[in-house]
Each structure stands twice: as C-alpha cells, then as structure tokens.
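One-letter residues, chain by chain:
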Amino acid sequence: MFHIPIDRNYSSPVYKQIYHWMKNEILQGGLEARTKLPSKRTLASSLGVSQNSVLSAYHQLIAEGYIYTKERSGYFVEPIQPIRPQKEQKELDAHLIEKPPKAYRYSFSHMGVEASLFPFQRWQYCEQKAIQKEGDILSDINHPQGIYKLREILASKIRHTRGVICEPEQIVIGASTQWLLQLFLLVNAEDQPFAMEEPGYHRLSALLKTMDHPVDHVPVDHLGMQVDKLRETQANIAIVTPSHQMPTGSIMPVSRRTELLHWSYEKENRYIIEDDYDSEFKYEGDMIPSLQSLDVNEKVIYIGSFSKSLLPDLRMSYMVLPLGLINGFKEKGLHFMQTTSVLTQLVLSQFLETGDYDKHIKRMSNYYKDLREKTIAALQDRFGSLTRVEGEKAGLHFLLHLDTEEAIERILERADRMDIELYSIQRFLHEPFRDASPTLIIGFAKLKPEEITEAVEELYRCCFPDS
Ligand SMILES: *Cc1c(COP(=O)(O)O)cnc(C)c1O
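I will try to describe carefully the structure that is included in this document. This one's a predicted model, so the numbers in the text were calculated from it and none came from an experiment. (Residues numbered from 1 in each chain as written. Predicted model: local features only at pLDDT ≥ 70, side-chain atom pairs only at ≥ 80, totals over all residues. Heavy atoms only, no water.)

1. Here we look at the site of the ligand
Then, number 1: Near the ligand the following residues occur: Met111, Ser176, Thr177, Tyr201, Met246, Asp275, Tyr277, Ser305, Ser307, Lys308, Arg315 and Ser317.
Then, number 2: In this structure, a nitrogen atom belonging to the ligand sits 2.6 Å away from a side-chain N or O atom of Asp275.
Then, number 3: For the ligand, an oxygen atom lies 3.0 Å from a polar atom in the side chain of Ser305.
Then, number 4: For the ligand, whose accessible area on its own is 390 Å², the fraction buried by protein is 97%.
Then, number 5: A molecule is said to occupy a pocket when more than half its atoms come within 2 Å of that pocket's grid points, and by this definition the ligand occupies the largest pocket.
Then, number 6: Here the residues of the shell around the ligand sort into 4 nonpolar, 5 polar and 3 charged. (Near = heavy atom within 4 Å. Polar contact = N/O pair within 3.5 Å; in protein donor to acceptor, adjacent residues only side chain to side chain. Areas by Shrake-Rupley, 256 points an atom, 1.4 Å probe, with all protein chains shown as cover. 1 Å grid on protein atoms, 1.4 Å probe; cavity = no way out; pocket = protein on both sides within 12 Å on 5 of 7 lines; lining within 4 Å. Sits in = over half its atoms within 2 Å of the grid points. Nonpolar A, V, L, I, M, F, W, Y, C, P; charged D, E, K, R; others polar.)

2. Structural notes on the layout of surface pockets
Then, number 1: Considered as a void within the structure, the largest pocket measures approximately 600 Å³ in volume.
Then, number 2: Elements supplying a minimum of two residues to the lining of the largest pocket: helix 6 (177-188) and helix 7 (202-210).
Then, number 3: Among the residues making up the lining of the largest pocket, the classes are represented as 10 nonpolar, 8 polar and 7 charged.
Then, number 4: In this structure, the lining of the largest pocket is formed jointly by two domains, domain 2 (106-111 + 359-463) and domain 3 (118-354), each of which donates at least three residues.
Then, number 5: When its volume is computed, the second largest pocket comes out at roughly 360 Å³.
Then, number 6: Counting residues per element, the ones that place at least two in the lining of the second largest pocket are helix 5 (148-162), strand 10 (300-305) and helix 12 (356-383).
Then, number 7: Here the element with the most residues in the lining of the second largest pocket is helix 12; it accounts for 7 residues.
Then, number 8: Considering only residue class, the lining of the second largest pocket consists of 8 nonpolar, 5 polar and 7 charged.
Then, number 9: For the lining of the second largest pocket, the domains that each give at least three residues are domain 2 (106-111 + 359-463) and domain 3 (118-354). (Points joined across faces, edges and corners; volume = space filled by probe spheres on them. Helix = DSSP H or I, 4+ residues; strand = E, 2+ residues; numbered from the N terminus. Domains from an automatic or database assignment.)

Shown next, in the form of structure tokens:
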C-alpha cells in the first residue's frame, strides 16, 4: 500500500495532496506503467481520508492522462516516460535578479517628459466617452494597421501640422518606432542595406545590428546627414531625423533635404525613413514642415510618435507608407497583429477630436520653452565660457559641449554616484570617438523649474570636481 504523507494541517486539500504525490511518483518513475492502483475504498481507509478525496484525486489524474480506468478492474498507471532533470536545479544568476529602477534626484534624460502636467482627468473623460460610444469594437480583434477612425484623424492631423499628405490606408499604427521599423524591414526591405546617422538614435541602430542587417553609419554635420558621404555607401534606405537631429539637435535646411530626396530619386529601391519624434516642440519661428511634405515621388516613409508629445508609456507611434509600398505591405504586413491596445487607440481618437490634444501641446510648448530658457541660462551662468550649447531650437534636449580635459567616463560615473541621470553623445555613436572634448545630452523635460539651479550646480560638480 502507498504511504502518502498527508498533512493533517491541511495546507492544501487532501485530494490535492494525493494527486500531487501520485503525479510526482508517475513522472519520476516510482510508479511503473500499468501498475494497478488501490481502489478508492482501500486507499481511503489506509490513509484515513474520505473516499471522495481519493476519487477527486483519481479523476484529476485521469483528466490529465496520468492514469486510466478499466471497467470493473480499477485504476492503472499510464505508460509515461519518466522525466528527470539533466542538471542540478539552477537558480537565476545573481546579476539577472532585477532591482527596482534607480530613483534619480535629477534627470537629464532625453527620453522623458513632464508627466505631472498630463491632463489625466481629461484622458479619463475621453476614455469614458470612447467606451460609451465605441466600446463594442473591443469584443473583437481589429484591423492590424490600427482602427480606421484613428488613422483618419491622424491623416488629417499631420496634414495640418506636418504637411504630410496621406490616406488613412497608408498609416500603420504600432507600439514603438522600433517595432514599426522592424515591420518595415520584414515587409518591405528584407535585403536592403540601411544608412543611419552618426551620431544617431541608438535604439534603431541596435535593432538593425541585432537583426544582422547591413548598416552604414553616415556622419552628420550641422545640417544633418551628409549626402555626399551617403553616396559612398551601398545603402538604399536612409533613416534621418530632419526636424531635430537625434542627438545633435540640428534642423535640416531645405538644401540638405532636397539633396537627400535627389539621392532617393536616383534608384528605384531607394527610400528615406523620416523619424519625426519631437517636432511638436519648436521654439523659434514657425513649424518646419516634414521632409515627407517636400517629396513628390513617394520616397519618404514618415514615422511619428506620441512618446514625446503625450507620454512615453502610451506606446503609440505610427508610420505612413508611400503609395508604392502599400501593396507589398498588405500582402505580408497584415499577418502581424496590431501591437497597440485598441482601447488606447479609441481614447486617443477622442482626445484628438475634443481638442484636448492641441490644448496639451500648446501648454507644453510654452512650458518647455520656458524650462529650456531657464536651463540654458543656468548653464551659462554656472559654466560660463567652459561650455557651448548646440541644437536647442526644437525638441526636448540639446547638446552641451564642455571645455575640459576630464574624461567623459569619469563625468558619467560621478553623475551616477550622485544619483543624476546623465548621458553623453557616446551613447549615440557607432564608433565612439576618443579624444574629443566631452559632449553631454541635456534633456530638460523632467527638470522641475524650481530645481534647475541646484541641478545645474550638481552637474557642474560632476564635470569640474576640483574647482
Ligand atoms: C523618443 C524618440 C522616438 C520615439 O520612439 P517610440 O518608440 O515611438 O517611443 C523616436 N526616435 C527618437 C530619436 C526619439 O528620441
């Protein structure tokens, strides 16, 4: 008879204890195939438990296929190949154990926004409205490119704000710029070599590198990607940030834009991907229309995002495909499920329709403009002639060139020890340059106006510890 240890404190129900014991015995080979098990009455009385407990355990074992019954002859063990661990039980390596993200006292991150000014109440109102009006569609899987209504609103929005002319059918919504690029790659550019800006957005180069995709890194000057250098490469698809180069902050003038377009017009399979990630914030003069708006030959793939204009964790971005690429996309791309929540798409549609979006952008533009001026003034005050600001005319970050012998690594280490989030241009370089003077990325969106002086003072101490 089996000696099944029954815990009389009932840490788990008796039938489960019997079930677990038998299951383990069968899996580990302790109970051999076709062994006859005791009847429920015999086992129950030998364990001092109810027959119902044994019966429930047997039923569950039958349902999962560990045992079977033969009519009028009882219960038997199924023939199952025992499974045994091949190595000793391993634990998660210590370095893999996740710690809570570091709480910085000050953040100069280029990825953050000021979330406390986000109109959450209005967002919630829009959510209620959206559910009332269109919640029904949540009971099914919707269009892989995103819901039509949002694409319609987006098409009209970017026509007005960015000069992008497109139909909703050309828009693909997705959870990140990185994912949209991946989708584009899978569907439209399997074996096309890419060109990235150097320095450029490291998350996109990381993606291409991880996918073993051929990439040339083309240097940027103060006007953006250098087209004569681009011509020296094999690349057919160039990824650029003309509205506000990441990370140098330059705005590409029309001369460079047309030069780039000409490059793309020279070969049929050449395209330009325009990463228009923070164009909502432009501080001096009017908005500069997108590169896509200049293109007359359907050569630009426009990618926009709500990560900077609303919240990075909305995970809401979109790509506008040129007419010539839509057929190809429909053939292959529609097999990929939509990655952004349809509820979020509905709420965003409502948020755009009510004018809440425009209101928020207007408010944040003023707020960031002010913050940017205060930050630059504080930097000039404290650093004086030891520093030069570049790329500050748009967006949520600029560059700070430092006049110091100090190695950039030391500066960043010190910042980390002082709980300051800080990045340098090295992060955006494919081939980090060694001897150049340190250049920092100053994202100012997450600084609080009242903290700027103190944050800049601490930044100064990171850069010039001995003074
Ligand atoms: C923030 C940012 C984006 C937006 O990325 P998402 O994945 O859409 O959040 C794209 N490009 C650059 C250069 C950025 O800084």
